[in-house]
Amino acid sequence: MLYKTSGVCSQAIEFEITEDNKVHNVNFIGGCSGNTQGVARLVEGMDANEAIRRLEGIKCGRKPTSCPDQLSIALKNALA
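Residue indices begin from 1 for each chain and proceed along its sequence in written order. Predicted model: local features are reported for residues with pLDDT of at least 70 only, side-chain atom pairs are reported and counted for 80 or more only, and whole-chain, interface and lining totals are derived from all residues. No hydrogens and no water enter the side-chain calculation; it runs on all heavy atoms of the structure.

- Going by an unreviewed UniProt entry, the chain carries the name ribonucleoside-diphosphate reductase and comes from Candidatus Blautia faecavium.

1. Description of the layout of surface pockets
- What the largest pocket holds in volume is close to 190 Å³.
- Lining the largest pocket are V8, C9, C32, N35, T36, V39, C60, K63, S66, C67 and P68.
- For the lining of the largest pocket, the elements supplying multiple residues, two or more each, are helix 1 (33-43) and helix 3 (67-79).
- Going along the chain from the N terminus, every DSSP run of H or I of four or more residues is numbered as a helix, and every run of E of two or more is numbered as a strand. Top contributing element to the lining of the largest pocket by residue count: helix 1, with three residues.
- Classifying every residue of the lining of the largest pocket by side-chain character gives seven nonpolar, three polar and one charged. The definitions used throughout rest on a 1 Å grid laid over the protein atoms alone, on which a cavity is an enclosed set of points accommodating a 1.4 Å probe that cannot get out and a pocket is an open set flanked by protein within 12 Å on both sides along at least five of seven lines; lining residues are those having an atom within 4 Å of a point. Grid points are joined across faces, edges and corners, and a volume is the space filled by probe spheres set on the points. For this classification, the nonpolar set comprises Ala, Val, Leu, Ile, Met, Phe, Trp, Tyr, Cys and Pro, the charged set comprises Asp, Glu, Lys and Arg, and every other residue, Gly included, is treated as polar.

2. A few points about the nonpolar core
- We call a set of buried residues a nonpolar core when its members are Ala, Val, Leu, Ile, Met, Phe, Trp, Tyr or Cys and they connect through side-chain atoms within 4.5 Å of each other. Between buried and exposed lies partly exposed: a residue is buried under 20% and exposed over 50% of the maximum accessible area for its type, with that area taken using a 1.4 Å probe on protein chains only. Ranked by size, the top nonpolar core spans 19 residues in total, and within it I13, F15, V26, F28, V43, L71 and L75 carry the most contacts.
- Elements supplying a minimum of two residues to this core: strand 2 (10-17), strand 3 (23-30), helix 1, helix 2 (48-55) and helix 3.
- Setting aside residues up to four positions removed in sequence, L71 forms contacts with I13, V26, F28, V39, V43 and L55. Any two residues whose heavy atoms approach within 4.5 Å are treated as being in contact.

3. Points about the pattern of salt bridges
- Think of a salt bridge as a Lys or Arg side-chain nitrogen and an Asp or Glu carboxyl oxygen that are within 4 Å of each other. Tallied over the full model, the rule gives three salt bridges.
- Ionic contacts of the salt-bridge type, sharing partners, join the residues E50, R53 and R54 into one network.

4. Brief notes about the pairing of strand 3
- When strand 2 meets strand 3, the two strands line up antiparallel, connected through six bridges. From the neighbouring strand, E16 faces strand 3, where its bridge partner is H24.
- Criterion used throughout: strands pair if DSSP finds at least two bridges between them. The turn joining strand 2 and strand 3, which pair antiparallel and follow one another in sequence, is formed by five residues; a positive phi near 65 degrees is taken by N21.

Put into structure tokens, the structure is as follows:
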């Protein structure tokens, strides 16, 4: 799946969700490389709903969203 982000430095997020709702192969396009790699590794193999629960609502400075929050939105859209 490819999700076009909004309000953050990264332009998009690529990821997969398996039939058993596990998150795999998360790749942020753009953004802060170290942070986005860290988030991607932390959610690898995690249940999508658990990842959403943990990442939803995280803000980046004064921005109303963040790369982790955008991933939670992407996962919600994919599950819908």
